[in-house]
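# Structural overview
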There are 10 protein chains.
Amino acid sequence: MAVDRNVLETFENRFPNRDYEIKHTCHEFTSVCPKTGQPDFGTIHFRYTANEKCVELKSLKLYMQQYRHEGIFYENVTNSIMDDLVAVLKPRWAEIKAEFTVRGGFSSIITVEYFDDAAKVLG
Amino acid sequence: MAVDRNVLETFENRFPNRDYEIKHTCHEFTSVCPKTGQPDFGTIHFRYTANEKCVELKSLKLYMQQYRHEGIFYENVTNSIMDDLVAVLKPRWAEIKAEFTVRGGFSSIITVEYFDDAAKVLG
Amino acid sequence: MAVDRNVLETFENRFPNRDYEIKHTCHEFTSVCPKTGQPDFGTIHFRYTANEKCVELKSLKLYMQQYRHEGIFYENVTNSIMDDLVAVLKPRWAEIKAEFTVRGGFSSIITVEYFDDAAKVLG
Amino acid sequence: MAVDRNVLETFENRFPNRDYEIKHTCHEFTSVCPKTGQPDFGTIHFRYTANEKCVELKSLKLYMQQYRHEGIFYENVTNSIMDDLVAVLKPRWAEIKAEFTVRGGFSSIITVEYFDDAAKVLG
Amino acid sequence: MAVDRNVLETFENRFPNRDYEIKHTCHEFTSVCPKTGQPDFGTIHFRYTANEKCVELKSLKLYMQQYRHEGIFYENVTNSIMDDLVAVLKPRWAEIKAEFTVRGGFSSIITVEYFDDAAKVLG
Amino acid sequence: MAVDRNVLETFENRFPNRDYEIKHTCHEFTSVCPKTGQPDFGTIHFRYTANEKCVELKSLKLYMQQYRHEGIFYENVTNSIMDDLVAVLKPRWAEIKAEFTVRGGFSSIITVEYFDDAAKVLG
Amino acid sequence: MAVDRNVLETFENRFPNRDYEIKHTCHEFTSVCPKTGQPDFGTIHFRYTANEKCVELKSLKLYMQQYRHEGIFYENVTNSIMDDLVAVLKPRWAEIKAEFTVRGGFSSIITVEYFDDAAKVLG
Amino acid sequence: MAVDRNVLETFENRFPNRDYEIKHTCHEFTSVCPKTGQPDFGTIHFRYTANEKCVELKSLKLYMQQYRHEGIFYENVTNSIMDDLVAVLKPRWAEIKAEFTVRGGFSSIITVEYFDDAAKVLG
Amino acid sequence: MAVDRNVLETFENRFPNRDYEIKHTCHEFTSVCPKTGQPDFGTIHFRYTANEKCVELKSLKLYMQQYRHEGIFYENVTNSIMDDLVAVLKPRWAEIKAEFTVRGGFSSIITVEYFDDAAKVLG
Amino acid sequence: MAVDRNVLETFENRFPNRDYEIKHTCHEFTSVCPKTGQPDFGTIHFRYTANEKCVELKSLKLYMQQYRHEGIFYENVTNSIMDDLVAVLKPRWAEIKAEFTVRGGFSSIITVEYFDDAAKVLG
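This structure is a prediction, so every number in the text was calculated from the model and none was measured. All residue numbers here refer to positions counted from 1 along the written sequence of the relevant chain. Whichever chain is written first becomes A and whichever ligand is written first becomes 1, with later ones labelled in order. Whole-chain, interface and lining totals are the exception, using all residues; otherwise, since this is a predicted model, local features are given only for residues with pLDDT of at least 70 and side-chain atom pairs are given and counted only at 80 or more.

## Focus: the overall build of chain A
- For chain A, the helix and strand inventory stands at two helices and six strands.
- Computation of the radius of gyration draws on C-alpha atoms alone. For the globule rule, the value is 2.2 Å times the number of residues to the power 0.38. Compactness check: chain A gives a C-alpha radius of gyration of 15 Å against a globular reference of 14 Å for 123 residues, within 12% of the reference.
- Each principal axis of the C-alpha distribution contributes one length, and for chain A these read about 45 × 25 × 20 Å.
- Going through the 123 residues of chain A one by one, you find that 37% of them count as buried.
- Residues are defined as contacting one another if the C-beta atoms placed from their backbone atoms lie within 7 Å. The long-range share in chain A, meaning contacts at least 24 apart out of those at least 6 apart in sequence, stands at 72%. Put simply, DSSP marks the helices as runs of H or I at least four residues long and the strands as runs of E at least two long, and each gets a number from the N terminus on. Our exposure labels follow a C-beta count within 10 Å of each residue's own C-beta, placed from the backbone: buried means 20 or more other C-beta atoms, exposed means 12 or fewer, and partly exposed covers the counts in between.

Here you go:
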């Protein structure tokens, strides 16, 4: 696949003894429908509790821009982003919520959650 | 009944080891009131956690369009859609929420939930 | 009292083995304040899980219109509607939420809930 | 007709040398449909530029409450209110805008304007 | 064409000496795209100043429901409704504003206005 | 203190065997800042489950108007209202939520909850 | 009357050769109803084009707070504020729009405009 | 430039004797900033009064998608779209309003209008 | 004054024969109150019709950031920005609308307009 | 670091035997991005349950204004504010929710929660 998770950069979590939630919302996501070749548009919400690393915001933007030319279904793009985020950040907890705009009178939202059972998680 | 569940097509859930929620919202539902013959209008929200199959979105649209000429009550249409969805997808969990527009100063919302007790469900 | 619960008609719940929620919202409720004789206005939300019977929507409208000439306090009208609904439907669970418009700078909401302890209720 | 315009009371306009606009909005209007006997609901906006008299607000409320038991069409109720207001206030300019709630999927707004050609009107 | 303007009924304008605006909004319009066969959905606003006749609201609803099975483009449906309204009502002034829902990321609004130059029109 | 809780009047709870929630919202609260002498403004939400008595709404309005000339801090006014309400009503449960408008770029909300451990409370 | 216009302070308009609009909105106005003794609440919008003087904002706040204990009708308070503003500022143009909250199901808006015919006004 | 106006298709205006307004809104516009190479996002509103031709909506979508890979400034993209629309449609009147999302705390809207002085235009 | 208009950069208007409107909105303006030393916050809307030059957006951002440490009144900051914009761009028409947040219960909006009488302006 | 927590002043919690929630929202937060030197903007929500001390609101404003010249990342500013609040107030429970505006198409929210395990906390 053309999307490279190595684009994602991290910085050290300076507060590892405290569980806290970080949320980044990408308001301008676009990919391509693999069936019709038509562009898809959406809003992607990232929420996570960091373990040792936090994602650097500008690198997250560049990572997401790679999907601009990528043909991929709603369910798959959401799960793939989660796989990449978990591989790079190893968070205690994470959720990706992807909201896609109306196509043929239907809108869609895919929500994927991840737990690191070995880690303490914010109540 | 004239509504045929075989119109619904599925594709393989590529992430079967992860519980995640898929939501599709049909903003343009219309059926016919069996009592008065007048058209009804509504918004139908589908939420489910896939087991082995996901519903293909265009086929869901065509399935829903069959109700355009169908005389059926609010409570029954919501439960019938759930029956068809469960029969075709066999999801781990599902919810149908049907919001109908104002008639005689009253609006209505019917919410049906389904659990497959044998399956693991997203927390 | 001039409000007659026999106006309420029911139809058979065709899905008695499934707990599901039915919500009807009356956007145009009006009664009379017993103290001042002035009209009161509000929005009444009905939510219930049917046992054997569902309420027929047009009869619910006619039932509610009886309060147009009825002098009755907020707390009492909400509880009386619940009493009538329970007597006629014998639901597994029900909630009446009555929102009244501003009088003297105050608005009011009365919420009454009913459980049939003998019945299974939607989780 | 049962609606009596003599219920309307006035007080002296203390600023007759200045054109200014007075707007009162009745958020809780209800009348009866003469065809079906069903209640109608709406919001009525009064705007006028006073000549010698202003309408007293409580008397306007009592005047409007007379329509609670009156069978009358949308177009007629709006024009009748205007006739009564003009007869009692003799304003320099007036507008009645009556917004009625949804019936059968249609909502309606009737707007009637009045000019006293002999009077100076606010620019 | 299958849409019959004779379904429209009128009643006498009781206030012919006063120019006033009547607005009816159909919140639940649906027709069929002649190219794809897919249903279209929209909201249609009617505004007019009556001459001798007003349109009866229930007949307007039945007239609009005829488009449910009609294959017709946005621009044409809006102009056709105007032609029918003018033929039946002969209003002093009229405007039809048709708002259609999103298709392929585009929404559309068609606005048609009509003037009877021989008639006096509300300022 | 100049605020007198004896202004509060009560009426009998006619449904003591049923737990239900009563909410009154005062949209027009004003008091005085004891430090600056400047007026404060807010919205006060009362929610409670009655035991034997309900608060009469007009007396609640008069009680609240006493704060118009009272110098008192946000935290104290919210707790004092709760103390007075509990003393007069002896409710099974109560919550006061006081929302104050922006001062120096900050808005504030104080929320106080009360439980009568000896009483049954609505689930 | 107890309201003193001398509380209003002004500062020099540094841009007298340019017509521009200044708008101040008082979100927290309160006065007293002279008939019932009950408090009234509203939002007051001031718009004006300065001639030689601008109103100092803190003094405008203190001026408005004087109405807190003043019994005065909607129409009169709006015109009186305009009289005071014109006397102190001598603006090229001014408008006061006073929006009052709901009383007995009615809300009210009074709008007063002032032109200094001898002055140039912003197009 | 890589954007080809020949992608735009037209159909005959069936109502050439009537001035009416057609509005299409593209909710999912994206182009590329020529300076930074970063993607831009916006909403583009087209309004026009047709002469002999109307634009076919699907071809307008394909035309707009060509900007997905185009490096072009806000002011230029708006004027270029207008140039192409005028060349292909020769409308009586047209307006393009392009709203771009926030960059560095600034959002932008460019509005271009076109008149064909030789043509009659909707009042 | 510490604010330097030379920070503003321009680029050539490529469509000088067409009047069109450019609007930039700065959502994150902050300056300092010269009286209290407290920070002020606001939203500044720029609208103009270019003559030969357009303002470069990033330089506009840097120009506006200079006010972060500047003590200046609402009326003066709005007029000063207009003076700088006119000096640098020499537009055909321009408007600055500055909306400031609530202070002591008052919000303010200052609107300044500029016309170059020698230039043709968009209708 | 230049931010001094000693600016924060407290007053005695007069209701220490009752758990209640205090929420202050700073609508006008601004700091500086340590990477780019560009200003950041946000809204900061403080919620806490007091033990023996409450924070004085004006001192909280002055404390927050210190960040105006401070270069600090989103995650760090939120945790630092929590550290300072806990050190000064020793609350039973606290939450800081910091919402930052859009940068490069992304907005961010950081939420930090604190529990004093030795203290009783509001249910």
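## Here's the deal with helix H1 (residues 57–65) of chain C
- For H1 of chain C, the full list of buried residues reads Leu-57, Leu-60, Tyr-63, Met-64 and Gln-65 of chain C.
- Its buried side turned inward, H1 of chain C meets strand S6 (106–115) of chain B, strand S2 (20–32) and strand S4 (53–55) of chain C together with strand S3 (39–49) of chain D.

## Some points on the relation of the copies chain J and chain A
- Of the two same-sequence chains, chain J is brought onto chain A (RMSD 0.0 Å, axial shift 0.1 Å) by a rotation of 72 degrees. Those values place the two copies in the arrangement expected of a five-fold rotation axis. Alignment of copies: least-squares fit on C-alpha atoms of residues with pLDDT of at least 70 in both copies.

## Here we look at the pairing of strand S5 (residues 93–103) of chain B
All names here are of chain B.
- Paired strands, as defined in this entry, are two strands with at least two bridges between them according to DSSP. Two strands pair when backbone bridges link them, and strand S3 (residues 39–49) and S5 are joined in this way by eight bridges, in the antiparallel orientation. Paired with Ile-44 across the strands is Ala-98, a residue of S5.
- Sheet analysis places S5 next to S6, joined by nine bridges and oriented antiparallel. Looking at the pairing, Ala-94 lines up with Tyr-114 of S6.

## Quick notes on the relation of the copies chain B and chain E
- Note on the identical chains: chain B maps onto chain E by a rotation of 180 degrees and an axial translation of 0.0 Å, with an RMSD of 0.0 Å. Given the turn and translation reported, the copies of this chain are related as if by a two-fold rotation axis.
- A share of 100% of the interface residues of chain B reappears at the interface of chain E, consistent with the copies meeting face to face through the same patch.

## Brief notes about the pairing of S3 of chain B
Residues and elements named next belong to chain B.
- The pairing of strand S2 (residues 20–32) with S3 spans 10 bridges and is antiparallel. Bridge pairing links Glu-21 to Thr-49 in S3.
- If you look at the hairpin formed by S2 and S3, you'll find six residues sitting between the two strands, and Gly-37 has a positive phi there, around 75 degrees.

## Here's the deal with the interface of chain J and chain A
- In this complex, chain J contributes 14 residues to the contact, which on the side of chain A involves 17 residues.
- Of all the secondary structure elements, the ones that give two or more residues to the side of chain J that touches chain A are helix H2 (74–89) and strand S6 (106–115) of chain J.
- With eight residues, S6 of chain J is the largest single contributor of residues to the side of chain J that touches chain A.
- Classifying every residue of the side of chain J that touches chain A gives five nonpolar, seven polar and two charged. Put simply, Ala, Val, Leu, Ile, Met, Phe, Trp, Tyr, Cys and Pro go in the nonpolar bin, Asp, Glu, Lys and Arg in the charged bin, and everything else, Gly too, in the polar bin.

## Description of the interface of chain B and chain E
- Opposite the seven residues of chain B that make contact, chain E presents seven residues.
- For the side of chain B that touches chain E, the elements supplying multiple residues, two or more each, are S2 and S3 of chain B.
- Taken together, the residues of the side of chain B that touches chain E sort by class into two nonpolar, three polar and two charged.

## Structural notes on the arrangement of the chains
- The least C-alpha distance between chain F and chain H, which are not in contact, is 20 Å.
- Contact between chain E and chain J is absent, and the least distance between their C-alpha atoms amounts to 20 Å.

## Focus: helix H1 (residues 57–65) of chain D
- Three or more residues of H1 of chain D are buried, namely Leu-60, Tyr-63, Met-64 and Gln-65 of chain D.
- Taken together, the buried residues of H1 of chain D touch strand S3 (39–49) of chain C together with strand S2 (20–32) and strand S4 (53–55) of chain D.

## With respect to the nonpolar core
- Ranked by size, the top nonpolar core spans 137 residues in total, and within it Ala-98 of chain A, Ala-98 of chain B, Ala-98 of chain C, Ala-98 of chain F together with Ala-98 of chain J carry the most contacts.
- Ignoring sequence-local partners within four residues, the contact set of Ala-98 of chain A consists of Gly-42, Ile-44, Tyr-74, Val-77, Thr-78, Ile-109 and Ile-110 of chain A.
- To define a nonpolar core, we join buried Ala, Val, Leu, Ile, Met, Phe, Trp, Tyr and Cys residues through C-beta atoms within 7 Å and take the resulting set. The next biggest cluster of nonpolar side chains, apart from the first, holds 135 residues, and it includes Ala-50 of chain G, Ala-50 of chain H together with Leu-60 and Leu-89 of chain I.

## What to know about the environment of Pro-16 of chain D
- Within the secondary structure, Pro-16 of chain D sits in the loop between strand S1 (10–12) and S2.
- For the pair Pro-16 of chain D and Ile-96 of chain D, spaced 80 residues apart in the sequence, the C-alpha separation amounts to 22 Å.

## Things to note about unusual backbone geometry
All names here are of chain B.
- With a phi close to 45 degrees, Lys-90 is a non-glycine residue in the positive phi region.
- Counting through the fold element by element, Lys-90 comes out in the loop between helix H2 (74–89) and S5.
- For Lys-90, a count of 15 C-beta atoms within 10 Å translates into the label partly exposed.

## Overview of the environment of Glu-56 of chain D
Residues and elements named next belong to chain D.
- Examined against the element boundaries, Glu-56 turns out to sit in the loop between S4 and H1.
- With 24 residues separating them along the chain, Glu-56 and Val-32 place their C-alpha atoms 26 Å apart.
- Excluding its chain neighbours within four sequence positions, the residues that come into contact with Glu-56 are Glu-9, Thr-10 and Phe-11.

## A few points about the environment of Glu-70 of chain D
Residue and element names in this part refer to chain D.
- Here Glu-70 lies in the loop between H1 and helix H2 (74–89).
- Residues Glu-70 and Thr-101, 31 residues apart in the sequence, show an inter-C-alpha distance of 17 Å.
- If we ignore the near neighbours within four places in the chain, the residues touching Glu-70 are Ala-2, Val-3, Ser-31 and Val-32.

## A short note on the confidence of the model for chain A
- How sure the predictor is of each residue is captured by pLDDT, a score from 0 to 100. Chain-level pLDDT for chain A is 94 on average; 95% of the residues reach the 70-or-more range.
- The complex model carries a pTM of 0.94, and its ipTM stands at 0.93.

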